[in-house]
Amino acid sequence: IEILAPIQVHADALDVSSTGIQLSLDGWLSTGTLCDLQITTHSGRVIFKRARVIWARRVGSDCVAGLQVMGSIVPPAMAE
């Protein structure tokens, strides 16, 4: 998973459901933050979603966060 906004960073998906994602990243996401995500599925399909940070906590030097998927977004290259 690539977080495109509000920060640009790679995140590892720890758990994925139809409505949410738990991820781990080197950085910090505050509760309530809206994030634009680029997700590459196991089959190689790339999708773009907006999600809200529901919770976040430090685990070692990483941030582990639970995000609620809000819906799809237009890919950045197509938005221009």
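None of the values given here were measured: they were computed from a predicted structure. (Residues numbered from 1 in each chain as written. Predicted model: local features only at pLDDT ≥ 70, side-chain atom pairs only at ≥ 80, totals over all residues. Heavy atoms only, no water.)

Across its full length, the protein carries one helix and six strands. For the protein, the succession of helices and strands along the chain, N to C, is β-β-β-β-β-β-α. At 12 Å, the protein has a C-alpha radius of gyration in line with the 12 Å of a compact globule built from 80 residues. For the protein, the spread of C-alpha atoms along the three principal axes comes to 35 × 25 × 20 Å. In the protein, buried positions account for 30% of the 80 residues. Long-range pairs, those at least 24 residues apart, make up 41% of the contacts in the protein with a sequence separation of at least 6. (Helix = DSSP H or I, 4+ residues; strand = E, 2+ residues; numbered from the N terminus. Rg over C-alpha atoms; globule rule 2.2 N^0.38 Å. Buried < 20%, exposed > 50% of the residue type's maximum accessible area, 1.4 Å probe, protein only. Contact = heavy atoms within 4.5 Å.)

Two strands pair when backbone bridges link them, and strand β1 (residues 2-5) and strand β4 (residues 34-40) are joined in this way by three bridges, in the antiparallel orientation. Within the sheet, the bridge partner assigned to A5 lies in β4 and is D36. Across seven bridges, the pairing between β4 and strand β5 (residues 46-59) is antiparallel. Across the sheet, the residue bridging to D36 is R50, located in β5. Between β4 and β5, which pair antiparallel and follow one another directly, the connecting turn spans five residues, one of which, G44, has a positive phi of 95°. (Pairing = 2+ DSSP bridges.)

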